[in-house]
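Tertiary structure, described
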Amino acid sequence: MSFNTDLARRFEEIAAMLELLGEDSFRVNAHRKVARVIEDSTQDFSELAQDREALLAIDGIGKKTADKILEFVTSGDIEEHKELREKVPAGLLDVLAIPGVGPKTAKHLWEELGVVDVPGLKKAIEDGSILTIPRMGEKSVEKIKSAIAFHESAGDRTPLGIALPIAEQFAARVRELDGVKKCEFAGSLRRGRDTIGDIDLICAATDKHAEAVGEAFRGFEEVKEVLAAGATKSSVRVEVHGVRIQIDLRIVPPDAYGAAILYFTGSKAHNVRLRERAQKQGLTLNEYGLFKDDGKPAPQNRGAKAIASKTERDIYGALKVCDPPPELREDTGELDHKPGHDFDLVTLDDIKAELHAHTTASDGALSIVELAQEAKRRGFHTIAVTDHSKSQQVARGLDRKRLLAHIEDIRAAQDKVEGISILAGTEVDIMPDGSLDYSDDLLEKLDVVVASPHWSLSQKPAEATKRLLKAIRHPLVHIIGHPTGRLIGRREGLSPDISELVGAAAEHDTALEINAHWLRLDLRDTHARAALAAGCNIAIDCDVHAVTDFDNLRFGVLTGRRAGLSPDRCLNAWTKTRLHKWLASKRG
């Protein structure tokens, strides 16, 4: 979590607590607006706050909120936030995080039923007292009950988009310590899983430095608790901008680094397959290397000479199996290929187009020209402007008149930005019955149509399948955006029959999207794998609302790689000629 994110969260919490206390709506909205401004900003507020006048020049930040930002930069806290936390029970903010419980409902629950945390909310549901709250019916209660169950089932796992920057930060700091040759993260994080349990760091250091490296690691200021302190392994719990997570550091000799990172990267099933392969060859494989199996117990084999240990490639080669990319090491057939097999997975450098982006016309932070300039700066040949359709009123969705004017604005912007194609598009809502939020005559005027579900996301599987199939079969739709509408750890989203969807998408040449935002990653990896197997093409889009959203691309690429996505099957990796020809094919 970045400094900006942490600061924005404070303002969002101030707004929520003010609302719970029944304070003036102007104050509530002012703090909420500041939170959005900070979250969407491309500037580091810890640096920006050095100049108070620069803060005041930002739209949405007044004198009082500027002072609070300066206070947070200098002290790490905001006095008003502390005072409000004394008035509002801390657990009540967790209640607000449950979908279906808005500020007004939470306020009633607190004042009338004494609900101050999620366990209290569950009790109010169980004894039926929640039904005494205004506008609370049985259907609403069932939705809240379902949301609590899903929230709890998400467990203590951390989303990829939060864990990866933390892992990179700590790996970089360990690499700076004396005697450290290498340090990288491993585990499910290196495999690109959408959530991870803890962070595994593998460090190569000489024996004489190992103890000092571990001691220095355990002494980092973010460490809140030391769980284990050994000569070669340290386990700690850290807190970074409000996020608590466990980090395990394993220190191995430089010659064993390849074996260690291989051992701690592969899934359990992948590693079992490798060890079985080793045993058939009279060898034994562990985190220190590949050794001849002499029948003697030697868990670390520190006295024996390894057949291979320095690099992962050396070990896979010695076992006479292919060398699969980390993202594929899940025992899903990756070891069935011959040695030297080219997996041909999409990379960040392959991506040359963004086909799902929003501007200030709806709920984006960039103008059309600013969006195009940023896409061009990142080396893209095409950017599609796909603002929301009219049903998304909360996102200032465009009605017919505004969309027609918006198309003209997009065409005019093309003359202002050379070197990149700016396409006129929409993210049109897929209504609960599968119809689209715009008429066909409007859709025909657009270069790109991304059709997405945004509401009624608790439909039964059969209804959800029928809904999405209708959109997939629509002749003017190019891409189905974030098909299930899930939010990782927050909302399960739709549960359609994926096999039906991917079959229809392949038949109608409709692409399915991997939405790269780390809270979505939707399609998820397993769904994307099924889509590829059915013959579908995939789009990896950042769903851009602000400049920083482009940075989410790496999470979408990781998800695509886990599915086995090649550049040839990824719309965003196609040449400009190929992409535009395909888009035009949906227009007859």
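First, a word on what this report is: a plain description of the structure on this page. (Residues numbered from 1 in each chain as written. Predicted model: local features only at pLDDT ≥ 70, side-chain atom pairs only at ≥ 80, totals over all residues. Heavy atoms only, no water.)

**Considerations on the packing of aromatic side chains**
According to the stated counting rule, one finds 5 aromatic pairs in the structure shown. Where Y263 meets F264, the ring centres are 5.0 Å apart and the plane angle is 80 degrees; that geometry is what we call edge-to-face. Members of the aromatic cluster, connected to one another through ring pairs, are F170, F217 and F220. The ring of F170 has R173 sitting right over it, with the charged end atom 5.5 Å from the ring centre. (Phe/Tyr/Trp six-rings, centres within 6.5 Å; stacked < 30°, edge-to-face > 60°. Lys NZ or Arg CZ within 6 Å of the ring centre and 35° of its normal.)

**Structural notes on the pairing of strand β7 (residues 243-252)**
Across the 10 residues of β7, 8 count as buried, placing the element largely inside the fold. Relative to β7, strand β6 (residues 233-240) is paired through 8 bridges, and the arrangement is antiparallel. Note on β7: the bridge partner recorded for V240 is V243. In this structure, the hairpin formed by β6 and β7 is closed by a connection of 2 residues, where H241 is found at a positive phi of approximately 50 degrees. (Buried < 20%, exposed > 50% of the residue type's maximum accessible area, 1.4 Å probe, protein only. Helix = DSSP H or I, 4+ residues; strand = E, 2+ residues; numbered from the N terminus. Pairing = 2+ DSSP bridges.)

**Quick notes on the pairing of β6**
As defined by bridge partners, strand β5 (residues 223-229) adjoins β6 across 5 bridges and the pair is classed as antiparallel. Within β6, the position partnered with A229 by the bridge is S234. From the end of β5 to the start of β6, which pair antiparallel, there are 3 residues.

**What to know about helix α22 (residues 525-534)**
Turning to α22, its buried residues are D525, H527, A528, A531 and L532. Buried residues of α22, viewed axially, fall in a sector of 160 degrees; they line one side. Opposite the buried face of α22, by more than 90 degrees, sit the exposed residues T526 and A533. Those residues of α22 that are buried are in contact with α21 (498-507), β15 (511-515), β16 (538-541) and α23 (553-563). Just beyond α22, the residue with positive phi is G535, at close to 100 degrees. (Arc of directions from axis to C-beta. Contact = heavy atoms within 4.5 Å.)

**Remarks on the state of the cysteines**
The tally for this structure, following the rule as stated, stands at 0 disulfides. Between C203, a free cysteine, and C183, which holds the nearest cysteine sulfur, the sulfur-to-sulfur gap is 5.1 Å. (Disulfide = S-S within 2.5 Å.)

**Here's the deal with the nonpolar core**
In terms of nonpolar packing, the biggest core is built from 65 residues, with I383, I422, L512 and I540 touching the most fellow members. Counting residues in hydrophobic clusters, the runner-up holds 48 residues, among them I14, L96, A124 and I144. (Core = buried A, V, L, I, M, F, W, Y, C linked by side-chain atoms within 4.5 Å.)

**Let's talk about the pattern of salt bridges**
Scanning all chains against the criterion turns up 36 salt bridges. Salt-bridge contacts for R10 lead to D77; the nearest nitrogen and oxygen are separated by 2.9 Å. Residue R10 is located in helix α1 (residues 3-20), and its partner D77 is located in the loop between α5 (63-75) and α6 (79-87); the two are separated by 67 residues in the primary sequence. The salt bridge partner of E222 is R173, with a shortest N-O separation of 2.8 Å. Taken together, the residues E222 in the loop between α13 (207-218) and β5 and R173 in helix α11 (residues 160-175) connect sequence positions 49 residues apart. What makes E222 buried here is its relative accessible area of 13%. Overlapping salt bridges bring together R190, E312, R313, D323 and R329 as one network. (Salt bridge = Lys/Arg side-chain N within 4 Å of Asp/Glu carboxyl O.)

**Observations concerning the sheet that holds strand β12 (residues 421-429)**
Spatially, 7 strands are ordered β10-β11-β12-β13-β14-β15-β16 in an open sheet, and the strand pairing comes out parallel. The open sheet has two edge strands with one neighbour each: β10 (353-354) and β16. Relative to strand β11 (residues 382-388), helix α17 (residues 368-377) is tilted by about 145 degrees, and along the sheet it contacts β11 and β12. (Axes fitted to C-alpha atoms, helices over the stretch in contact; angles between N-to-C directions.)

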